Amino acid sequence: MEDTARGRLTKDGIRIYEPGDFAGMHAAGRLAAQILDEISDHVFPGQNTAEIDRIITQKVEEAGAKSATIGYKGYQHASCISVNHVVCHGIPGDKKLKDGDILNIDVTVIVDGWFGDTSRMYVAGKLPRKAERLIQVTHDALFKGIEAVKPGNTFGDIGYAIQSYVESHRMSVVRDFCGHGLGRVFHAPPNVLHYGRAGTGPVLEEGMFFTIEPMVNLGRPETKVLADDWTAVTRDKSLSAQFEHSVGVTADGVEIFTLSPADRFHPTWVE
Ligand code: MF3
Ligand code: CO
Ligand code: CO
């Protein structure tokens, strides 16, 4: 889709939004986050992921919003639900969740033309110990990235913060998928890499809106996409986790658009 919003583009093609545009992003981000808050009661062993997606679809409609993913490049669901070794873009289906499964639920909504994109981790039943470590490190890696967001820093600083944190815990950062600019469009420049070198890449400026959404594997970083052309899995079948926030660069730092209204973003079942 063509990005026809107001404002200007940097030399890297990154849109600079205006101070008045933050409110629209907060409204969209808040709805996406609220839906993720409310869906936690619907995650349990025996539940199937198509039912979770059906509830999400209903909540988006009830809010008078639109799903950004239904119809996107032929995708037909209001969420991506990625279980265990699925890295991202898991398609909701009739397979039942089992005790100890971990899953990422990713929702993107459009409110008054603004896109809110966020995902977080859930568990069906009792959380296995190694999954607990993975989820905690992935969550904290996202926030290491967010802490690097301020004017004058670079996108490489974000990637470096995430990668160095993850690798210090002997886990790996997925290279094949990245965060993205968003705003009046779903996916726009830049590619927000979750690995990299400090001081490299485009310089952050006030008014940039983008996602940070690191995927972290317990094993090796390589992925492959299944025959359905969507589902990305770890090649070595190791467990994978992801958290995603949509953020905006302010004059002196960052605002998170997709903060959880009920403060349920951090999975409290992880210490
Ligand atoms: N929400 C995903 C992201 O974080 C994109 C999903 S596209 C879909 O960018 F078509 F798979 F839904
Ligand atoms: Co995203
Ligand atoms: Co997303």
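Each remark here, short or long, concerns the structure printed above.
Since we're looking at a predicted model, the values are computed, not measured.

(A) The sheet that holds strand β12 (residues 215-217), seen in detail. Taken in spatial order, the three strands line up as β8-β12-β15 in an open sheet, and their pairing is antiparallel. Of all the strands in the sheet, the pair left with one neighbour each is β8 (172-173) and β15 (240-242). Direction of pairing for β8 relative to β12: antiparallel, over a ladder of two bridges. Considered in β12, the bridge of Ser-172 is made with Asn-217. On the sheet, helix α3 (residues 129-147) packs against β12 and β15 and is oriented at approximately 35 degrees with respect to β15.

(B) Main features of the coordination of the cobalt ion (ligand 3). Coordination of the cobalt ion (ligand 3) by the protein comes from Asp-106 (OD), Asp-106 (OD), Asp-117 (OD) and Glu-244 (OE), over a distance range of 2.1 to 2.3 Å. Mapped onto the sequence, the residues coordinating the cobalt ion (ligand 3) show the spacing D-x10-D-x126-E.

(C) Region of interest: unusual backbone geometry. Cis geometry is found at the peptide bond from Pro-189 to Pro-190, where omega equals 0 degrees. Residue placement: Pro-190 occurs in strand β10 (residues 188-192). A positive phi angle, near 55 degrees, is found at Asn-84, a position not held by glycine. Locating Asn-84 in the fold gives a position in the loop between β4 (79-83) and β5 (86-88). Residue class for Asn-84 comes out buried when judged on its relative accessible area of 18%. A positive phi angle, close to 50 degrees, is found at Asp-112, a residue other than glycine. Positionally, Asp-112 belongs in the loop between β6 (102-111) and β7 (114-123).

(D) Inspection of the pattern of salt bridges at higher detail. Counted according to the given criterion, the structure contains nine salt bridges. One salt bridge connects Arg-120 with Asp-37, and the closest N-O pair in it is separated by 2.7 Å. Of the two residues, Arg-120 is situated in strand β7 and Asp-37 in helix α1 (residues 22-39); the sequence distance between them amounts to 83 residues. The pair formed by Arg-120 and Asp-37 is uniform in burial state, with each residue classed as buried. Salt-bridge contacts for Lys-98 lead to Asp-101; the nearest nitrogen and oxygen are separated by 3.7 Å. Here Asp-101 falls in the buried class, since its relative accessible area comes to 5%.

(E) Highlighting the site of ligand 1. The immediate surroundings of ligand 1 are formed by 14 residues, with Thr-69, His-180, His-187, Glu-213 and Glu-244 found nearest. Within the side chain of Thr-108, a nitrogen or oxygen atom sits 3.2 Å from a nitrogen atom of ligand 1. Glu-213 is positioned with one of its side-chain polar atoms (N or O) 2.9 Å from an oxygen atom of ligand 1. In the complex, the protein chains occlude 96% of the 340 Å² of accessible area that ligand 1 would expose alone. Each residue belonging to the shell around ligand 1 can be placed in one class, and the counts come to five nonpolar, five polar and four charged.

(F) Fine view of the coordination of the cobalt ion (ligand 2). Around the cobalt ion (ligand 2), the donor atoms from the protein are Asp-117 (OD), His-180 (NE2), Glu-213 (OE) and Glu-244 (OE), and they sit 2.0 to 2.3 Å away. Around the cobalt ion (ligand 2), the six donor atoms are arranged such that angles at the metal cover 51 to 161 degrees; this shape is classified as irregular. The metal-metal distance between the cobalt ion (ligand 2) and the cobalt ion (ligand 3) comes to 3.3 Å, with Asp-117 coordinating both. One end of the pair, Asp-117, is in strand β7; the other, His-180, is in strand β9 (residues 179-181), and 63 residues separate them in sequence.

(G) Molecular detail of α3. With 19 residues, α3 should reach 27 Å at 1.5 Å per residue; the first-to-last C-alpha distance of 27 Å fits that figure. Listing the buried residues of α3 in full gives Ala-131, Glu-132, Leu-134, Ile-135, Gln-136, Val-137, Thr-138, His-139, Ala-141, Leu-142, Gly-145 and Ile-146.

(H) Spatial organisation of the sheet that holds strand β13 (residues 223-225). Within the open sheet, the three strands sit side by side as β5-β14-β13. Their pairing is antiparallel. The sheet is open, and its two edges are formed by β5 and β13, each paired on a single side. Averaged over all pairs of adjacent strands, the angle between strand axes in this sheet comes to 40 degrees, irrespective of strand direction. Here β5 pairs with strand β14 (residues 232-234) via two bridges, running antiparallel. In the sheet register, Val-86 faces β14, and the bridge partner there is Val-233.

Rules of the game
Residues numbered from 1 in each chain as written. Chains lettered and ligands numbered in written order. Predicted model: local features only at pLDDT ≥ 70, side-chain atom pairs only at ≥ 80, totals over all residues. Heavy atoms only, no water. Pairing = 2+ DSSP bridges. Helix = DSSP H or I, 4+ residues; strand = E, 2+ residues; numbered from the N terminus. Contact = heavy atoms within 4.5 Å. Axes fitted to C-alpha atoms, helices over the stretch in contact; angles between N-to-C directions. Donors = N, O, S within 2.8 Å, 3.2 Å for Na, K, Ca; no water. Buried < 20%, exposed > 50% of the residue type's maximum accessible area, 1.4 Å probe, protein only. Salt bridge = Lys/Arg side-chain N within 4 Å of Asp/Glu carboxyl O. Near = heavy atom within 4 Å. Polar contact = N/O pair within 3.5 Å; in protein donor to acceptor, adjacent residues only side chain to side chain. Areas by Shrake-Rupley, 256 points an atom, 1.4 Å probe, with all protein chains shown as cover. Nonpolar A, V, L, I, M, F, W, Y, C, P; charged D, E, K, R; others polar. Tetrahedral: all angles 85-135°; square planar, octahedral: opposite > 155°, others 65-115°. Expected span 1.5 Å × (residues − 1).

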